Amino acid sequence: MNFDVPPALQSYLADLDSFIAREIQPLQDSNDNNRFFDHRREHSRTDWDNQGLPRPQWEDLLKECRRRADAAGFFRFSLPKQYGGQNESSGRGANLWMAVIREHLAAKGLGLYNDLQNEHSVVGNFPDVVMVQHFGSEAQKKELIDGRLKGKEVDWQAFVHENRIRQAASSLGAAVYCINQSVEYAMKRKPFGKPLASNQAIQFPLVELATQAEMLRLLIRKTASEMDRMDHVEVEKTIGDKVSMCNYYANRLCTQAADQAIQVHGGWGYSRHCQFEHIWRHHRRYRITEGSEEIQMRKVAGYLFGFMGPKKVVLGEMTDQLSKL
């Protein structure tokens, strides 16, 4: 199997980065909008006197970002063409690309281009649309899909395989950000006259995290590629365990990487002047949502021991044969 990122996808990432630099970063840098991303972010985003709901100014900024991304052709990328996207009409086929894109954006750290506190991104994630497209009635498609794309509040949420594999990629990207920032800081921070990076106590935990990130990336992309080549219902029957492996392990890795980044950066890392506490808190919740970590591990166990998945069929046939002896 060729694990290289396809040239077309490399070109797409370059175009995406150019769009962010041209349209989104200037928007973030204007009107003190950086207050939503620097050490002031929690107060700037949260209306404490209104039950802790998001401030209208924060939501308006996100809407303007999505509007620009939509106008540039990025926001609906993963959607079927009939909904303004670039995906095949069945809604299948974008998982590998989305996995690479979401890791790429998350690895940049916090920014208006991508903020996983509320699943905001210039490249939108729409697994709920694919679900309704396959399983919803015509009335539901009109109400839910059209409403979703028009920015209306829709009172439902779906966590399906597409979302789990893409969330895994985002958590991997955030973990990579934490690792890279820690390496950079350890190289330049010189207590007692020598770099932190010269200490094995600093090196070894980051080596472990970097190794896990490399292995996880391969599993995520392999699984996403396999998902793109099979029908929606076949994913659960054949590789549902791989999706769960990616999801629970990536979310766990991200929180471990954020925790280690705080440790490497010391008191500065604990403060809101760094992004690590934000990443830890918001990716920690993914070990509860999307199907909790325990649910994901239970599914892997089901495949492993033959309670579900391909082994269940084989074990069932063996049981039938033994009963006939």
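Residues numbered from 1 in each chain as written. Predicted model: local features only at pLDDT ≥ 70, side-chain atom pairs only at ≥ 80, totals over all residues. Heavy atoms only, no water.

## Examining helix 12 (residues 276-284)
By the burial criterion, the buried members of helix 12 are Phe276, Glu277, His278, Ile279, His282 and His283. For helix 12, the secondary structure elements touched by its buried residues are helix 2 (41-45), strand 3 (114-115), helix 7 (161-188), helix 10 (240-265) and helix 11 (267-270). (Buried < 20%, exposed > 50% of the residue type's maximum accessible area, 1.4 Å probe, protein only. Helix = DSSP H or I, 4+ residues; strand = E, 2+ residues; numbered from the N terminus. Contact = heavy atoms within 4.5 Å.)

## Focus on the pattern of salt bridges
Two side chains bearing opposite charge may form a pair once their charged atoms approach each other closely. Applying the stated criterion across every chain, the model contains 22 salt bridges. In this structure, aspartate 115 and arginine 45 form a salt bridge, with 2.3 Å as the shortest nitrogen-oxygen distance. Residue aspartate 115 is found in strand 3, and its partner arginine 45 is found in helix 2; the two are separated by 70 residues along the sequence. Exposure class is identical for aspartate 115 and arginine 45. Each is buried. The salt bridge partner of glutamate 103 is arginine 221, with a shortest N-O separation of 3.2 Å. A residue pair is termed long-range when its members are at least 10 positions apart, and glutamate 103 in helix 4 (residues 95-106) and arginine 221 in helix 8 (residues 200-228) qualify at 118 residues. Since its relative accessible area comes to 8%, glutamate 103 is described here as buried. One network of salt bridges, in which partners are shared, links Arg41, Glu42, Arg272, Glu277 and Arg281. (Salt bridge = Lys/Arg side-chain N within 4 Å of Asp/Glu carboxyl O.)

## Let's talk about unusual backbone geometry
Glycine aside, a negative phi is what most residues show, and trans is what most peptide bonds show. The backbone of asparagine 31 shows a phi angle near 50 degrees, a positive value even though the residue is not glycine. Note that asparagine 31 resides in the loop between helix 1 (7-29) and helix 2. Among the residues examined, asparagine 31 registers a relative accessible area of 67% and is labelled exposed. Positive phi is not limited to glycine here, since phenylalanine 192 has a value of about 60 degrees. As for its position among the elements, phenylalanine 192 is in the loop between helix 7 and helix 8. For phenylalanine 192, a relative accessible area of 87% gives the class exposed.

These results come straight from atomic positions and should not be treated as a statement about function.
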